[in-house]
Each structure stands twice: as structure tokens, then as C-alpha cells.
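Notes for the structure review
The lines below spell out each chain.
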Amino acid sequence: MRSNRSDSLRAPEFWGRRAPGWGARLLAPLGAAYGAVAGARLARPAPRAALPVIVIGGATLGGDGKTPLALAIARLLILMGERPAFLTRGYGRRGAGAPFRVDLDQHEAAETGDEPRLLARLAPTIVCADRAAGAKLAQALGATVLILDDGLHSRRLAPDLALLAVDAAYGAGNGFCPPAGPLRAPLAAQLAAADAVVLIGEGAAADAIAAAAAGLGKTLLRGRLVPCPQAAARLCGVRVFAFAGLARPRKFLSSLQEVGARVVGQRWFDDHHAYRARELAALAYEAGRLGARLVTTEKDAARLGASFTTEILPVELDLSADARRVAALCRARVSREA
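Predicted, not measured: the structure shown is a model, and the values here were computed from it. (Residues numbered from 1 in each chain as written. Predicted model: local features only at pLDDT ≥ 70, side-chain atom pairs only at ≥ 80, totals over all residues. Heavy atoms only, no water.)

Observations regarding the overall build of the protein
Secondary structure summary: the protein contains twelve helices and 13 strands in total. Here the C-alpha radius of gyration of the protein, 20 Å, is about what a compact globule of 338 residues would show, namely 20 Å. The burial tally for the protein puts 53% of its 338 residues in the buried class. A sequence separation of at least 24 residues applies to 77% of the contacts in the protein between residues at least 6 apart. For the protein, the exposed surface amounts to about 14,900 Å²; the carbon and sulfur share of it is 54%. Averaged over its 44 positive side-chain charges, the protein has a centre that lies 3 Å from the centre of its 30 negative ones. (Helix = DSSP H or I, 4+ residues; strand = E, 2+ residues; numbered from the N terminus. Rg over C-alpha atoms; globule rule 2.2 N^0.38 Å. Buried < 20%, exposed > 50% of the residue type's maximum accessible area, 1.4 Å probe, protein only. Contact = heavy atoms within 4.5 Å. Areas by Shrake-Rupley, 256 points an atom, 1.4 Å probe, with all protein chains shown as cover. Lys, Arg positive; Asp, Glu negative; His and termini not counted. Charge placed at Lys NZ, Arg CZ, Asp CG, Glu CD.)

Right under this line is the structure:
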């Protein structure tokens, strides 16, 4: 049961190895070419929007915590009295056209992508290929600040604040760009483009990144992903069959183990996988055979029909360890003091 979509991705195992193996070395020239283009894009000038812009990017191709970080920043801005709006391209959606605001009652995941549906629960969310046009729509809707949850690497709008999310347990993977490794652009270029690096979780893999960022004078912030307490209570001690379409599904598996769920089966799909009816039927059958409940991520649930029954384990990014520093940074940049 694997996706045949060409725009989906599940990170190969060798991407995460600290010591590059033969696969990474064989593909290194292609990775270097990819990195050169991506690095040049990061350095190019971008138009400035009328509203303050916060851009968020993940260091690798999925699994860093980019969307939870975007949501956490939006919650903070709301507490500060701001009216944030999200701009996103809506990865994996069908169609193009003019920017539009996500309406959870009217739009399906196929029209918006999965992540915009999560964002739209918190704040107005504009799906747009043209970020400048999306910015104008957000301003017309009354927004006071824009958050681009996929805007660091595209350089469609100049940022007032650029945040780079890094999974502390994964770091830069093997340090190569695709197809040799997971980096969206050479690490040095990403750090140069960021104002702050947000280390999410625990792990020594991010130590070198933290040292490099500090050497460049970048702000270092820390956060941790916290499972929803209510969902955690429902799953504790329960036999579950886990499934998800993620770049790095081991993170979801770790979250389930953290809350005490008994994982008796699992099936992983490519990131942003569009589930078919026969795949869902097979998952339900397998879970039933094992006497287990199906459980998936909040992002995957956004792509499932309302009639499909599954448990969901949402997670949120807790920035409380650096709350004052995050707030001060956002306040200064939103007011365009720096």
C-alpha cells in the first residue's frame, strides 16, 4: 500500500545517518547541484509586503516541526493583540488560480492541502501561489501580520522575521541536499537566511547546528512537541494500529509510545499521501484483526473522509522555556523596530 504520487516523499533511511554511506556519496553531485540552486534562491531579494511578515521554514524536507511552530507563533501573536493570517501554497492540492481563504465547511483537503486545514482552525488562512496577491487579500480581511509557514525557502516575500525549525534529534541528517540527503538547501545558506533557529525536542544531532548558528550571531530558541492531554489519556494502555503519511514517521511512533499506547501494528505512507478507499478499508481490516484501534496524526486526519473512524493524536509546540525571548523577538519585528 504505497502512494504512486510523484510529489510525495518519505525520507530514505540513509538520509538520517550521520556518516554518509555509499548511497549519499553516489548521489552527492546531484545534491550539490540542487543545493546550489536552493542556496541561490535563499539569497535573492524579495518584495516587501505592506504588513509585517514572519516566515517559517524547516531545515529538511519534512518532519522538523514547521507547522507546529507556525501555529505556536500565531497563538503568541493573538495573545499580543495581533490579528495574524497564514499564507501557504497548500502543498499537494489540485488546481491553482486566484488566492482564496480556506473555509473548513466548504473546502476539502484536495482543494487546500492538509496543513492549511490545520492552520485555518486558528486564524484566517490564504492558499496562494502568488504570495503578494495573498498578502493583499489577508490585509483586506483585517490581518495585521502575515505568517508564511512555507516561506523561508521560496523567497516570495521579504521577511521581517525568519525562523528556521530544526528537529534536535535529526539535525541536518547526513548533511546533503536531495536526492543525496534531506536538507532543503545547504545548511550554511539556511542559517544565513534565518534570524533565529528553533531547536525542537532533545538530541545531540542539533549540537553542531546550534554552534554554527551561535557563531553567526543567530538567536537560539528551544521548544518541545507535547501530545494533547485528552488524546493521550484515551490512548494510554490501549492497543493501537498506527498509520500516517509523513516524511519521518518514527516521530509519530515515538509520540504514541510516550503517551503509553501499545503499538501492535503500523503502516507508513509517503508524506501528504492521498488515501484511497481500498487503503482505508485495508487499514480498518488489519486493525480489527489485531484487536486494535486505528490512530493517526492530525495532519493525516485532515485528508480522511468524515465517515472514516480513527483515533487522532494531536501535538502542539510548547515554547514556554523561551517564552519571553520569543515574545520580545516577535514584538520587535512585527512593529518593524529591527
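Structure's up, so let's keep going.
Regarding the sheet that holds strand E9 (residues 239–245)
The four strands are arranged E10-E9-E11-E12 in an open sheet whose pairing can be described as parallel. A single partner strand is all that each edge strand has here, and the edge strands are strand E10 (262–269) and strand E12 (311–312). Inspection of the sheet shows E9 paired to E10 by seven bridges, in the parallel sense. From the neighbouring strand, Phe-241 faces E10, where its bridge partner is Gly-265. Helix H9 (residues 250–258) contacts E9, E10 and strand E11 (293–296) of the sheet and is inclined by roughly 160° relative to E10. Contacting E9, E10 and E11, helix H10 (residues 277–289) crosses the sheet at an angle of about 160° to E9. (Pairing = 2+ DSSP bridges. Axes fitted to C-alpha atoms, helices over the stretch in contact; angles between N-to-C directions.)

Concerning the pattern of salt bridges
Once the charged atoms of two side chains with opposite charge are near each other, the side chains can pair. Inspection of every chain in the model, using the stated rule, returns 21 salt bridges. Linking Glu-298 and Arg-121 is a salt bridge whose minimum nitrogen-to-oxygen distance equals 2.7 Å. One end of the pair, Glu-298, is in helix H11 (residues 298–301); the other, Arg-121, is in the loop between helix H4 (114–120) and strand E4 (125–127), with 177 residues separating them in the sequence. Here Asp-167 ties to Arg-248 by a salt bridge, and the two come within 3.0 Å at their closest N and O atoms. Of this pair, Asp-167 sits in strand E6 (residues 161–167) while Arg-248 is found in the loop between E9 and H9, placing the two residues 81 residues apart along the sequence. Judged on exposure class, the residue Asp-167 and its partner Arg-248 are both buried. Ionic contacts of the salt-bridge type, sharing partners, join the residues Lys-66, Glu-115, Asp-149, Asp-271 and Lys-299 into one network. (Salt bridge = Lys/Arg side-chain N within 4 Å of Asp/Glu carboxyl O.)

Points about the packing of helix H2 (residues 66–79) against helix H12 (residues 323–334)
It is the contact of H2 with H12, at a shortest axis distance of 11 Å, that shows an interaxial angle of 75°. Looking at the two axes, H2 sits roughly perpendicular to H12. Taken together, the residues of H12 that come into contact with H2 (itself represented by Ile-73, Leu-76 and Leu-77) are Val-326, Ala-327, Cys-330 and Val-334. Looking at the contact of H2 with H12 residue by residue, the class counts come to seven nonpolar, no polar and no charged. (Parallel < 35°, antiparallel > 145°, perpendicular 65-115°, else oblique. Nonpolar A, V, L, I, M, F, W, Y, C, P; charged D, E, K, R; others polar.)

Focus: a positive patch on the surface
Judged by side-chain charge, Arg-41, Arg-44, Arg-89 and Arg-156 come together as a positively charged surface patch. Along the polypeptide, Arg-44 turns up in the loop between helix H1 (22–43) and strand E1 (53–58). (Patch = residues over 30% accessible without salt bridge, like charges linked within 9 Å, V, L, I, M, F, W, Y side chains within 5 Å.)

Description of the environment of Val-326
Assignment of secondary structure puts Val-326 in helix H12. For Val-326 and Ala-138, which are 188 residues apart along the polypeptide, the C-alpha to C-alpha distance reads 24 Å. What Val-326 contacts, discounting residues up to four positions off in sequence, is Ile-73, Leu-76, Leu-221 and Leu-319.

Quick look at the sheet that holds strand E5 (residues 145–148)
With respect to topology, nine strands assemble into an open sheet ordered E3-E4-E2-E5-E1-E6-E7-E8-E13, the strand pairing being mixed. Edge positions in the sheet fall to strand E3 (100–101) and strand E13 (315–318), since each has one partner strand and no second. Relative to E13, strand E8 (residues 219–227) is paired through four bridges, and the arrangement is antiparallel. Note on E13: the bridge partner recorded for Val-226 is Glu-316.

Thoughts on the nonpolar core
Core analysis: the largest hydrophobic core is formed by 35 residues, its most contacted members being Leu-87, Leu-146, Leu-157 and Val-166. Within the second largest apolar cluster, 29 residues are counted, among which are Leu-71, Leu-77, Ile-147 and Leu-221. (Core = buried A, V, L, I, M, F, W, Y, C linked by side-chain atoms within 4.5 Å.)

Concerning unusual backbone geometry
Glycine aside, residues mostly have negative phi, and peptide bonds are mostly found in the trans state. Residue Pro-178 is joined to Pro-179 through a cis peptide bond whose omega torsion reads 0°. If you trace the backbone, Pro-179 turns up in the loop between E6 and helix H6 (187–193). Of note in this structure, Arg-155 is not a glycine but carries a positive phi near 55°. Among the structural elements, Arg-155 can be located in the loop between E5 and E6. Phi at His-272 takes a positive value of approximately 65°, unusual for a residue other than glycine. Tracing the sequence through the fold places His-272 in the loop between E10 and H10.

So far we have only geometry, and geometry alone does not tell us how the molecule works.
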